[in-house]
Amino acid sequence: MGKLVALALALLLAACGGGGREAAGTGAAPGAPGFRPRTPGVLTVATELPNPPFVLGDDLDHLKGGFEVEMVNEIARRLGLRVEWVGFPFTKLVAGSRCPCDFAVNGVSILPDRQQRVDFSSPYFTANQGVLVRKGTAISGVADARKLRFGVQEATSGAAYLERTLKPAPPPRTYDSTTAAFTALRAGQVDAVMSDVPIVVDAAGRYPGLAVAGQFKTDEQYGAVLAKGSPNTRPLSQVVDQLRDDGVLDRLFQKYFPEQVDIPSLG
């Protein structure tokens, strides 16, 4: 009789174990209770190239690193998933268009108007607005900056800062990408480009004729972008908070952005 009871108990435990494996197959992630990837075993993450130094490389299938790439890899490791990157335009992302992804990263500032259309994870990066100019252009403060014709990517926090705060005399020219704005600056079509400090620092390193004139302190915070009301917002935020508490985000900042502390403030 005892052997029969033991056998029945063993079969019951085996059945429970099988049920657990089936639950994992539906997309339950071991590292964050409640996280459900759209594809079992895969963390699908969107960005738009080019996106240096957050995403390094010209091909989403062969990325070469970057702050957000390393961060996403660590998130995926903690969730027990593998990463698959997909392309998705920045302007559609912040407009709240449906993304074929679990979440997106693209240096997206957490802003109140955007929060009405999408969800954000806990912040993982803090940035100011930087001013990129051709070498030889001197800017000592707000008064000088307001005399310049700026180029800026449309729908960005840099565009909002120019419109609502700096208000330069010449109307800024908007472009569909920062790369297009940098091209206009190099061609002399604009006097400066306004963008997040990490982006202009990277551009100054890639284009010998350009330099970062300074920065305006805005303390913008980046978050991963999810669909409005996503059930994954909270569990993803829990993992991002773990990365901050464990010092992972600080290490990545020191690796990719050591120059930021030396950029002068313009006001």
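Higher on the page you've got the structure.
The model shown is predicted, which means the values in this text are computed figures rather than measured ones.

(A) Examining a negative patch on the surface more closely. Taken together, the side chains of D58, D59, D61 and E84 present a region of like negative charge at the surface. Among the structural elements, D61 can be located in the loop between β1 (42-47) and α2 (67-79).

(B) The packing of α2 against helix α9 (residues 233-245), seen in detail. It is at 10 Å that the axes of α2 and α9 come closest, and there the two elements cross at 115 degrees. When the interaxial angle is binned, α2 and α9 end up roughly perpendicular. In this structure, the crossing between α2 and α9 has a hand that is right-handed. Facing α2, whose interface residues are M71, E74, I75, R78 and L79, α9 presents L236, V239, V240, Q242 and L243. Grouping the constituent residues of the contact of α2 with α9 by class yields seven nonpolar, one polar and two charged.

(C) Inspection of the pairing of strand β6 (residues 150-153) at higher detail. Because side chains alternate across β6, one face comprises the buried residues F150 and V152, and the other comprises G151 and Q153, equally buried. With two bridges joining them, β6 and strand β8 (residues 192-196) adopt parallel strand pairing. If you follow F150 over to β8, its bridge partner there is A192. Sheet analysis places β6 next to strand β7 (residues 173-175), joined by three bridges and oriented parallel. Residue pairing for β7: G151 is matched across the bridge by R173. With helix α6 (residues 157-166) bridging β6 and the parallel β7, this β-α-β connection has right-handed handedness.

(D) Focus on helix α8 (residues 197-206). With seven of ten residues buried, α8 is to be regarded as a mostly interior element. Three or more residues of α8 are buried, namely V197, P198, I199, V200, V201, D202 and A203. The secondary structure elements touched by the buried residues of α8 are β5 (125-134), α7 (178-186), β8 and β9 (210-222).

(E) Geometry of unusual backbone geometry. The omega torsion across L49 and P50 is -5 degrees, close enough to zero to call that bond cis. In this structure, P53 follows P52 across a cis peptide bond, with omega equal to -5 degrees. Structurally, the position occupied by P53 is in the loop between β1 and α2. Positive phi outside glycine occurs at K167, with the angle close to 50 degrees. With respect to the helices and strands, the residue K167 is situated in the loop between α6 and β7.

(F) Inspection of the state of the cysteines at higher detail. Summed over the entire model, instances satisfying the criterion amount to one disulfide. Put simply, C99 and C101 are joined by a disulfide, and their sulfur atoms are 2.3 Å apart. Between C99 and C101, the S-S dihedral sits near 130 degrees, and the bridge is therefore right-handed. Like C101, C99 is buried.

(G) A look at the environment of E84. Relative to the helices and strands, E84 resides in strand β2 (residues 82-87). As for E84 and N73, which are separated by eleven residues in sequence, their C-alpha atoms are 10.0 Å apart. In this structure, E84 is in contact with V42, L43, T44 and V45, ignoring residues within four places of it in sequence.

(H) Spotlight on the sheet that holds β7. Here we have five strands laid out as an open sheet, ordered β7-β6-β8-β5-β9, and mixed in their pairing. Looking along the sheet, the strands with just one partner apiece sit at the ends: β7 and β9. Taking each pair of neighbouring strands and ignoring which way they run, the sheet shows an average axis angle of 25 degrees. Sheet strands touched by α6: β5, β6, β8 and β9. Its angle to β6, the strand with the most contacts, is close to 135 degrees.

About the criteria used
Residues numbered from 1 in each chain as written. Predicted model: local features only at pLDDT ≥ 70, side-chain atom pairs only at ≥ 80, totals over all residues. Heavy atoms only, no water. Patch = residues over 30% accessible without salt bridge, like charges linked within 9 Å, V, L, I, M, F, W, Y side chains within 5 Å. Areas by Shrake-Rupley, 256 points an atom, 1.4 Å probe, with all protein chains shown as cover. Salt bridge = Lys/Arg side-chain N within 4 Å of Asp/Glu carboxyl O. Lys, Arg positive; Asp, Glu negative; His and termini not counted. Charge placed at Lys NZ, Arg CZ, Asp CG, Glu CD. Helix = DSSP H or I, 4+ residues; strand = E, 2+ residues; numbered from the N terminus. Axes fitted to C-alpha atoms, helices over the stretch in contact; angles between N-to-C directions. Parallel < 35°, antiparallel > 145°, perpendicular 65-115°, else oblique. Left-handed = near helix turned anticlockwise from the far one by under 90°. Contact = heavy atoms within 4.5 Å. Nonpolar A, V, L, I, M, F, W, Y, C, P; charged D, E, K, R; others polar. Buried < 20%, exposed > 50% of the residue type's maximum accessible area, 1.4 Å probe, protein only. Pairing = 2+ DSSP bridges. Right-handed = clockwise from strand over helix to strand, strands pointing away. Disulfide = S-S within 2.5 Å.

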